[in-house]
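Survey of secondary and tertiary structure
Given next are the chains, with one letter for each unit.
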Amino acid sequence: MVRECPGFVCSRHFRTGGDTDVPLTASPWAEEAGQDTRRARDKRCAVTDETEAAELVDRSGPADLDHPGGRAAGARAERVRRISQARLAAVFHGLPIGLIVTDRAGRILEINEECQRILGMPGTPGASGAAGASRAVRMSPRAGRGRRGLVSRRLTDLVHPDDRATLERLWEQVTDAPLSTECRLRRSDGSSLWVELTLSRSRAAAGSWFVLATVADITERRRLQARVQFHALHDPLTGLPNRALLHQHLKAAFSPSSGVARVGLCSLDLDWFKLVNDGYGQAVADRLLVEVAQRLRRMLDIPDVLGVPGLPESAERPEALEALGVPGASGTAAASGVAALPGPPPPVGTSPSGRLLARTGGDEFVIMVSGSRGIAEMARIARCVQDALRDPVRIDGHDLPVTCSTGVVEAAVAETTDRALVCAAETALSWAKAGGKNCWMVFDPDRGALEVTRGMLARSMAPGLERDEFTVVYQPIVDLASGAIAGAEALVRWDHPERGRQRTADFIALAEESGFIVRLGLWVLEHACAAAARWPDETFVSVNLSARQLQEPGLAADVAAVLARTGLPASRLQLELTETVLMAPRGQAADNLWALADLGARVVLDDFGTGWSNLAYLCSTPVRGLKLPAPLVDAIDSTPEFELGGRGGGGNGGRGNAGGAGSTGIPGARVGRERPRGALSQREVVRGLVTFAHNLGLSVTVEGIERAGQEAALREMGGILGQGHLLGVAMSEADFAARLPHPARP
């Protein structure tokens, strides 16, 4: 029994096992392969598959062309072969992936319909001007001279010139195992598209081998990758390059193959952005940032090629991918306004002159200039930035300030690194902000070296405390009336293992900036109280407290814990504060002051008379004493006429009596410069402050006593404690204990 299979019908006759020849109806595939057809006259027979047809051939016996049976067998074998070829042709041209068959030299032998469509060949579905479905094409040296003209062309002829080297390397490695790469093919209209090309080698029956190339259009995938990469490397609000893309361009500029000799950076930070964000909300602040970005674009002549923010329809074209900063996204020229740059097309935010504008933070922008021509060029850019942002931005009826601080740096690529250049720009920016804002500053290498040293010291303080690099020394505080030691001020010293003894003012400032002062201050307090607990009962210890420490919520509890551990009575602890700490009459600092006073500790104001000197805080804080700084008593031992100026009489050029130059009647006194007529002398000022303090019940301590004349003048005023090199330098705990009238407790 023969089953009907409408898919495979041949144009010749074959026997069904009897004596009747049955013709086969012509197949559309056979017709496409060029086979002649004719209809059956009597009956119709279908072959189920190629295997059944082969069995019919086998049953017919050997093909003897001189015998009718042999001729029939040969015809049947030919029909089977053509059925197989038609099936293979249908599969070859019906696959939804492009296929190209080449010989071992890379010449194209066959190309399927999908690949023709991908390449935009005329007459294929989806191609420009296609009128319908293309017919199957078999390539040969003669047929190649037809309308498609692909025969005798090499596979490399279809590849974009920039990607041919990639294909040639893949061709040299081709084996029976598939090898893939991504490259661009040239379409019939001259445009390019991205494909994934896979090569594999096969061997024909005759022994020669051929190469099968599969072609998959991945343009959409590349476009999606480009969008993802764009959003990963660009700021979503302004569309400008972000910090990651800026660093990519810096690394590229500093690579040996870049050919860039010098690079400049301008690091910008908006001065009042936080006030705008807090006062008007994030939406208004975002609009302000967009306007700032647009002003900087116009100032730097950076075209808004693709729109801001996001990606418009133009970015969907393959040729627009290049302008997104995606290397090799298409074979066409880059977008207008950026083609003048050498090398890979630049991203959005780049001017034709090689200036890149990036948004690197909330209100931070960076301008990078590749191939800069010196610091003068970068200074001009900084001035232009100030001009561009001088006028406020009007949003919702509000004029919002947009001034900025700018740090400028420019250097030769061979003399620095990309990271060092960025750090230098940020350092210069911090100088500009500290200098009053709305200004720009150029990085100074010498000052930068000091900043580097400060940073190194700041990082090494905490480990140094663990390694016992810090010590506490004690400077005597003397009662000037009796000459007895009343107490001592605890001072901290730092002996760095590599840089030696550090200036106290320098590392204390670093500790305050970094917040390490809280830990260091508590450590000093612990050591000072432990030492004072071994001193005579009438001797106190004075410890400095910084503004940062006073902001700590648990300060009073920490001090109480230290006093409990060391056994020192709170009445023998004196805490020194600067006037600026008391500027806020309320808040955590004020609460801590009252809590410390409640413990029984004495609070004194250090450097009184050199700060704000607002006497109102004496009524709102538990202050119990004043410390006058050295500048107030520097010339207190001079003659009244010459203390700070003024002109005195006498026959010695107005320098006083015959007691000698600088003679004042006080041993060790000296003569100062002339003071203007009518100006108060230091002695009068100090006497007034001492009287003022005593009337309020406050103690007075004077620092900086280095001469006997100063000591005598202050002793004459009465009721003053003194401190200075004349009375005793800072010394170790053992040396200080040795100067006490009673031996220290063990």
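For the structure, see preceding data.
Residues numbered from 1 in each chain as written. Predicted model: local features only at pLDDT ≥ 70, side-chain atom pairs only at ≥ 80, totals over all residues. Heavy atoms only, no water.

With respect to the pattern of salt bridges
This is how the line gets drawn: The term salt bridge refers to a side-chain nitrogen of Lys or Arg lying within 4 Å of a carboxyl oxygen of Asp or Glu. Each helix is a run of H or I in the DSSP string that is no shorter than four residues. Each strand is a run of E no shorter than two, and both are numbered from the N terminus. Categorising residues by exposure relies on relative accessible area from a 1.4 Å probe, with only protein chains included: less than 20% of the type maximum marks a residue as buried, more than 50% marks it as exposed, and the intermediate range marks it as partly exposed.
Under the defined criterion, the tally for this structure stands at 37 salt bridges. Among the ionic pairs, Arg243 bridges to Glu426, the shortest N-O distance being 4.0 Å. One end of the pair, Arg243, is in helix α7 (residues 243–253); the other, Glu426, is in helix α12 (residues 418–434), and 183 residues separate them in sequence. Take Arg243: its relative accessible area is 32%, and that puts it in the partly exposed class. Glu513 serves as the salt-bridge partner of Arg454, at 2.9 Å between the closest nitrogen and oxygen.

Structural notes on the sheet that holds strand β6 (residues 192–203)
Rules: Here a strand pair is declared whenever DSSP counts at least two bridges between the two strands. Throughout, an axis means a line fitted to C-alpha atoms (over the contacting stretch in the case of helices), and angles, computed between N-to-C directions, take values from 0 to 180 degrees. Contact between two residues is taken to exist if any of their heavy atoms lie within 4.5 Å; hydrogens are not considered.
Within the open sheet, the five strands sit side by side as β4-β3-β7-β6-β5. Their pairing is antiparallel. For this open sheet the edge positions go to β4 (108–111) and β5 (179–186), each flanked by a neighbour on one side alone. Neighbour to neighbour, the strand axes of the sheet diverge by 30° on average, direction disregarded. In the sheet, β6 pairs with strand β7 (residues 209–217) via nine bridges, with the strands oriented antiparallel. Paired with Arg201 across the strands is Val211, a residue of β7. Packed onto the sheet, helix α6 (residues 219–233) meets β5, β6 and β7 and runs at close to 130° relative to β6.

Side note on the state of the cysteines
Rules: Here, two cysteine sulfur atoms that lie within 2.5 Å of each other are counted as a disulfide.
Under the counting rule described, the total for this entry stands at zero disulfides. Among the cysteines around Cys266, which has no disulfide bond, Cys404 carries the closest sulfur, lying 9.4 Å off. Judged by relative accessible area, Cys266 falls into the buried class, the value being 0%.

Structural notes on helix α15 (residues 517–532)
Operational definition: Here a helix's expected span is defined as the number of its residues, less one, multiplied by 1.5 Å.
Over its 16 residues, α15 extends 22 Å from the first C-alpha to the last, a length consistent with the 22 Å expected when each residue adds 1.5 Å. Turning to α15, its buried residues number three or more, namely Ile517, Leu520, Gly521, Trp523, Val524, Leu525, Ala528, Cys529, Ala531 and Ala532.

Re α6
Heads up, the condition is: Of all possible arcs, the one meant is that of the directions from the helix axis to the C-beta atoms.
Taking 1.5 Å of rise per residue, 15 residues should cover 21 Å, and α6 covers 21 Å from first to last C-alpha, within 8% of that figure. Every buried residue of α6 is listed here: Thr219, Arg222, Arg223, Ala226, Phe230 and Leu233. Summarising the axial view, the buried residues of α6 lie within an arc of 100°, below the 170-degree limit, and thus occupy one face. Of the exposed residues in α6, those oriented more than 90 degrees away from the buried face are Glu220, Leu224 and Val228.

A short note on the nonpolar core
If you look at soluble globular proteins, the nonpolar side chains tend to sit buried side by side. Defined as follows: What we call a nonpolar core is a set of buried Ala, Val, Leu, Ile, Met, Phe, Trp, Tyr and Cys residues that are connected through their side-chain atoms within 4.5 Å.
Formed by 72 residues in total, the largest nonpolar core has its most connected members in Tyr474, Val541, Leu573 and Leu714. By residue number, the principal contributor to this core is α15, which donates nine residues.

Concerning the packing of aromatic side chains
Applicable threshold: Within 6.5 Å between ring centres, the rings of Phe, Tyr and Trp (the latter by its six-membered ring) count as paired, and their orientation is classed by plane angle as stacked under 30 degrees, edge-to-face over 60, tilted in between.
If you walk through the whole model with that rule in mind, you get seven aromatic pairs. With a centroid separation of 5.9 Å and 70° between ring planes, the pair formed by Phe470 and Phe507 is classed as edge-to-face. Residue Phe470 is located in strand β15 (residues 470–479), and its partner Phe507 is located in helix α14 (residues 504–514); the two are separated by 37 residues in the primary sequence. Taken as a pair, Phe470 and Phe507 share a single burial class, namely buried. On the numbers, 5.5 Å between centres and 85° between planes, the contact of Tyr474 with Trp535 is edge-to-face.

Considerations on a nonpolar patch on the surface
Quick reminder of the rule: A patch consists of residues exposed above 30% relative accessible area that lack any salt bridge, with like charges linked at up to 9 Å and nonpolar side chains (Val, Leu, Ile, Met, Phe, Trp, Tyr) linked at up to 5 Å. Residue-level accessible areas treat just the shown protein chains as cover; the underlying method is Shrake-Rupley with a 1.4 Å probe.
Taken together, the side chains of Val91, Leu95 and Ile97 define a hydrophobic patch exposed on the protein surface, amounting to about 210 Å² of accessible area. Structurally, Leu95 is set in the loop between α3 (68–94) and β3 (98–102). Among the residues examined, Leu95 registers a relative accessible area of 33% and is labelled partly exposed.

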